[in-house]
Amino acid sequence: MNFPRIKTVTVDSFDETIPVVRFRLVEIGGMNYHLARDIGHHLGLKADEDGDYRSALTEAGIPYNDLAIFDRDQPLGSHALLTEAAFNQARLVKRG
């Protein structure tokens, strides 16, 4: 069985006052999916007890896939994964 694997993207600004941003992507069937766990706080979502954002995504009507993923053949467990379209939809949700 072939399990999704993680790719990490790092954004390092030349402006030292801006912190380095890292987020992970998972490629499935040629499509990249964002890990909600990495981007949820940037979007102003409230995390669940396990650190993921399934409840906030469900409440906002944002579709996600819930899959077990691996990093370097080590299981990281189940994660909410967002397509690019779902990520853009989440960016537009107004927070209280």
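Please refer to the structure higher up on the page.
Heads up: these notes are all about the structure in this document. All values reported here derive from a predicted model rather than from experimental measurement. Just so you know, the residues in each chain are numbered from 1, in the order the chain's sequence is written. This being a predicted model, a pLDDT of at least 70 is required before a residue's local features are given, and a value of 80 or more before pairs of side-chain atoms are given or counted; all residues contribute to the totals for chains, interfaces and linings. Only heavy atoms go into the side-chain values, all of them from the structure, while hydrogens and water stay out.

Concerning the nonpolar core
In summary, soluble globular proteins display a tendency toward joint burial of nonpolar side chains.
Right, so step 1: In this text, buried Ala, Val, Leu, Ile, Met, Phe, Trp, Tyr and Cys residues form a nonpolar core when linked through side-chain atoms within 4.5 Å. Under the scheme applied here, a residue whose accessible area is under 20% of the maximum for its type counts as buried, over 50% as exposed, and between as partly exposed, the area being computed with a 1.4 Å probe on protein chains only. Of all hydrophobic cores here, the largest spans 15 residues; its most connected members are Ala 36, Ile 39, Leu 43, Leu 45, Leu 57, Ile 62 and Leu 82.
Right, so step 2: Secondary structure follows DSSP: runs of H or I at least 4 residues long count as helices, runs of E at least 2 residues long count as strands, and numbering of each begins at the N terminus. Mapped by element, the contributors of at least two residues to this core are strand E2 (21–28), helix H1 (36–39), helix H2 (54–60), strand E5 (74–82) and helix H3 (84–92).
Right, so step 3: Here this core gets three residues from one element, more than from any other, and that element is H3.
Right, so step 4: Two residues qualify as a contact provided that any one of their heavy atoms is within 4.5 Å of a heavy atom in the partner residue. For Ile 62, the contacting residues outside a window of four places in its chain are Leu 57, Leu 82, Ala 86, Gln 89, Ala 90 and Val 93.
Right, so step 5: The next biggest cluster of nonpolar side chains, apart from the first, holds six residues, and it includes Ile 6, Val 26, Leu 35 and Leu 81.

Section: the pairing of strand E4 (residues 65–71)
Right, so step 1: Examined bridge by bridge, E4 and E5 share seven bridges and lie antiparallel to one another. Across the sheet, the residue bridging to Asp 66 is Ala 80, located in E5. In this scheme, strands are said to pair when DSSP sees at least two bridges between them.

Some remarks on the sheet that holds strand E1 (residues 6–11)
Right, so step 1: What the five strands build is an open sheet, ordered E1-E2-E3-E5-E4; its pairing is antiparallel. If you trace the sheet from one side to the other, it starts and ends with E1 and E4, each paired once. Averaged over all pairs of adjacent strands, the angle between their axes in this sheet comes to 50 degrees, without regard to strand direction.
Right, so step 2: Summarising the sheet, E1 and E2 pair through six bridges and their orientation is antiparallel. Residue pairing across strands places Ile 6 opposite Val 26, the latter belonging to E2. Fitted lines through C-alpha atoms give the axes, limited to the stretch in contact for helices. The angle between two N-to-C directions lies from 0 to 180 degrees.

Thoughts on the side chain of His 79
Right, so step 1: Relative to the helices and strands, His 79 resides in strand E5.
Right, so step 2: In this structure, His 79 is in contact with Leu 35, Arg 37, Asp 52, Arg 54, Asn 65, Asp 66, Leu 67 and Ile 69, ignoring residues within four places of it in sequence.

Concerning H3
Right, so step 1: Taken residue by residue, H3 has Ala 86, Phe 87 and Ala 90 as its buried positions. Seen from one end, H3 has its buried residues packed into an arc of 105 degrees, which puts them on one side. Away from the buried face of H3 by more than 90 degrees, exposed residues Ala 85, Arg 91 and Leu 92 are located.
Right, so step 2: On the buried face of H3, the contacting elements are strand E3 (31–35), H1 and E5. Think of the arc as the fan of directions from the helix axis to the C-beta atoms.

Section: the environment of Gly 77
Right, so step 1: With respect to the element layout, Gly 77 can be found in strand E5.
Right, so step 2: Spatially, the C-alpha atoms of Gly 77 and Leu 67 are 7.8 Å apart, while their sequence positions differ by ten residues.
Right, so step 3: With sequence-adjacent residues up to four places away left out, Gly 77 is seen in contact with Leu 67, Ala 68 and Ile 69.

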